[in-house]
Amino acid sequence: MLKLNRVHHIAIICSDYQKSKHFYSEILGLKIVREVYREERKSYKLDLEVGNQYQVELFSFPDPLARPSRPEAAGLRHLAFEVDNIDEAVTHMRAADVTVEPIRTDEFTGKRFTFFADPDGLPIEFYEK
């Protein structure tokens, strides 16, 4: 049987690199591990760390195609981050002028969660620990 150890990374292609870099590193607080510009592709690659593990790659490409994400389009549904305190996380996001949906409770786990979107409309979830 195949043994998978963990999710190694998540790759996100953005339409406005500087705006997305600011969102993921300054607003969400992901630590920048490395940033490279690949001249042959006219593309940035930003490696970001979540919880002391390298997990998110942010790419820029010239004129990327839009990918549908709502309502319930096939493919990646959302990206979820665990937070210790959902109320504090929501307050932080709203202070950064990010629209956050009302907090809901997972009917199966009893945990609270909410959604918001990155600069390209990718749904992101905060799920309380």
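Everything in this summary refers to the structure shown in the same document. All values derive from a computational prediction rather than experimental measurement.

## A closer look at the overall build of the protein
Per the secondary structure count, the protein includes two helices and eight strands. N-terminal to C-terminal, the α/β element order of the protein is β-α-β-β-β-β-α-β-β-β. Over its C-alpha trace the protein gives a radius of gyration of 16 Å, about what one expects of a compact globule, namely 14 Å for 129 residues. Within the protein, counting contacts between residues at least 6 apart in sequence, those at least 24 apart form 48% of the total. Carbon and sulfur atoms provide 52% of the accessible area of the protein, an area that totals close to 8800 Å². Charge separation in the protein, taken as the distance between the mean sites of 18 positive and 22 negative side-chain charges, equals 5 Å.

## Describing the side chain of arginine 38
As for its placement among the helices and strands, arginine 38 is situated in strand β2 (residues 31-38). No salt bridge is formed by the buried arginine 38; its nearest oppositely charged neighbour, glutamate 40, is found at 5.3 Å. When sequence neighbours within four positions are dropped, the list of residues in contact with arginine 38 reads Ser43, Tyr44, Lys45, Phe59 and Phe61.

## Concerning helix α2 (residues 86-95)
Among the residues making up α2, those that are buried are Ile86, Ala89, Val90 and Met93. The arc enclosing the buried residues of α2, seen along the axis, measures out at 95°, which places them on a common side. Relative to its buried face, α2 has exposed residues pointing more than 90 degrees away, namely Glu88, Thr91 and Ala95. Where the residues of α2 are buried, they touch α1 (17-27), β5 (79-83), β7 (112-117) and β8 (123-128). Capping of α2 at its N-terminal end is provided by asparagine 85; its side-chain oxygen lies 2.9 Å from the backbone amide nitrogen of aspartate 87.

## Considerations on α1
Inspection of α1 places Tyr17, Ser20, Lys21, Phe23, Tyr24, Ser25 and Ile27 among the buried residues, and these make up the whole buried set. Positive phi shows up at glycine 29, right after α1, with a value of about 80°.

## Here's the deal with the pairing of β2
Note: β2 against strand β3 (residues 43-50), seven bridges, orientation antiparallel. Its bridge partner lying in β3, isoleucine 32 is registered against leucine 48. The antiparallel hairpin formed by β2 and β3 contains four residues in its connecting segment, where lysine 42 sits at a positive phi of about 55°.

## Examining the sheet that holds β8
Two modes of strand pairing occur in sheets, parallel and antiparallel, and in both the strands are linked by backbone hydrogen bonds. Spatial strand order, β5-β8-β7-β6: four strands in an open sheet with mixed pairing. Two strands bound the open sheet, and with one partner strand each, they are β5 and β6 (104-105). Pairing of β6 with β7, which is carried by two bridges, proceeds in the antiparallel orientation. When the sheet's bridge partners are listed, threonine 105 is paired in β7 with arginine 112. Docked against the sheet, α2 engages β5, β7 and β8, running at close to 15° with respect to β7.

Parameters at a glance
Residues numbered from 1 in each chain as written. Predicted model: local features only at pLDDT ≥ 70, side-chain atom pairs only at ≥ 80, totals over all residues. Heavy atoms only, no water. Helix = DSSP H or I, 4+ residues; strand = E, 2+ residues; numbered from the N terminus. Rg over C-alpha atoms; globule rule 2.2 N^0.38 Å. Contact = heavy atoms within 4.5 Å. Areas by Shrake-Rupley, 256 points an atom, 1.4 Å probe, with all protein chains shown as cover. Lys, Arg positive; Asp, Glu negative; His and termini not counted. Charge placed at Lys NZ, Arg CZ, Asp CG, Glu CD. Buried < 20%, exposed > 50% of the residue type's maximum accessible area, 1.4 Å probe, protein only. Salt bridge = Lys/Arg side-chain N within 4 Å of Asp/Glu carboxyl O. Arc of directions from axis to C-beta. Polar contact = N/O pair within 3.5 Å; in protein donor to acceptor, adjacent residues only side chain to side chain. Pairing = 2+ DSSP bridges. Axes fitted to C-alpha atoms, helices over the stretch in contact; angles between N-to-C directions.

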